[in-house]
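Coordinate analysis (summary)
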Amino acid sequence: DNVGARCWWNYNASLLSISTAKTGAGLSLRSDQEVEAIRINSSQNVGIGTNAPDGRLHVHTATAGAVTALANADDLVVESSGDTGISILAPDVNSSWVIFGSPSDNIGAIFKWDYSVLTYRIGTRTAGASMILESGNGTDAVTISSTQNVGIGGTANATALLDVQS
């Protein structure tokens, strides 16, 4: 194989492309004395601060220990050895959102902070949907139904405004 990598300019698309031409090869961007900053592996996963990303985008400040991201939630992995977080910042007059959606409903559930009225919302946005708070290894603890009935203690189908199971 006489072509292992390529770099080319496409004038019409205004695009500079850098690629590997070998099966299984990755791509690395380096800065500051040749220190690897970004790795794109052969699975198209991107690691920032790691050469072995756990998911589609893995931002690695320091190791959290012997842990790998759960496959159901590895699209964005943020890892560090201490306090770790993600910031969603907006001006005071606007809201910060996290939205959960699907092809059938692009805003099925939300987390929303609104500084201008000092409210934090967690909820469903789909007609007929319930909200469940879990405790103790995924046990249903509190259910709020679409009719605003509240079930406490594992009552998934609360039939009264407040239905407490003991």
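Bear in mind that the values here come from a model prediction, so they are computed numbers and not experimental data.

1. Topic: the pairing of strand 4 (residues 35-40)
Note: strand 3 (residues 27-31) against strand 4, five bridges, orientation antiparallel. When the sheet's bridge partners are listed, serine 31 is paired in strand 4 with valine 35. Linkage of strand 3 to strand 4, two consecutive antiparallel strands, is achieved through a turn of three residues, within which aspartate 32 is found at a positive phi near 40°. Bridging between strand 4 and strand 5 (residues 46-48) involves three bridges; their strand directions are antiparallel.

2. Side note on the sheet that holds strand 10 (residues 119-124)
Spatially, 8-9-10 is the arrangement adopted by the three strands of the open sheet, whose pairing is antiparallel. Across the chains shown, the open sheet's two edge strands, defined by having one partner strand only, are strand 8 (95-102) and strand 10. On average, adjacent strands in this sheet sit at an angle of 20° to one another, irrespective of strand direction. In the sheet, strand 8 pairs with strand 9 (residues 105-114) via seven bridges, with the strands oriented antiparallel. Counted as the bridge partner of serine 96 is tryptophan 113 from strand 9.

3. Thoughts on the packing of aromatic side chains
Under the defined criterion, the tally for this structure stands at one aromatic pair. Geometrically, the ring pair formed by phenylalanine 100 and phenylalanine 111 is edge-to-face, given 5.4 Å between the ring centres and 85° between the ring planes. With phenylalanine 100 in strand 8 and phenylalanine 111 in strand 9, this residue pair connects regions lying 11 residues apart in the sequence. Relative accessible area serves as the criterion here: at 43%, phenylalanine 100 is assigned to the partly exposed category. For phenylalanine 111, a relative accessible area of 33% gives the class partly exposed. Sitting over the ring of tryptophan 8, arginine 6 keeps its end group 4.0 Å from the ring centre.

4. Topic: the sheet that holds strand 7 (residues 76-79)
One open sheet holds the five strands; their spatial order is 3-4-5-6-7, and the pairing between them is mixed. The open sheet has two edge strands with one neighbour each: strand 3 and strand 7. Taken pair by pair, the neighbouring strands of this sheet meet at an average axis angle of 20°, ignoring direction. Pairing analysis gives four bridges linking strand 6 (residues 57-60) to strand 7, with the strands arranged parallel. Paired with histidine 60 across the strands is glutamate 79, a residue of strand 7.

Reading the values: rules and limits
- Residues numbered from 1 in each chain as written.
- Predicted model: local features only at pLDDT ≥ 70, side-chain atom pairs only at ≥ 80, totals over all residues.
- Heavy atoms only, no water.
- Pairing = 2+ DSSP bridges.
- Helix = DSSP H or I, 4+ residues; strand = E, 2+ residues; numbered from the N terminus.
- Axes fitted to C-alpha atoms, helices over the stretch in contact; angles between N-to-C directions.
- Phe/Tyr/Trp six-rings, centres within 6.5 Å; stacked < 30°, edge-to-face > 60°.
- Buried < 20%, exposed > 50% of the residue type's maximum accessible area, 1.4 Å probe, protein only.
- Lys NZ or Arg CZ within 6 Å of the ring centre and 35° of its normal.

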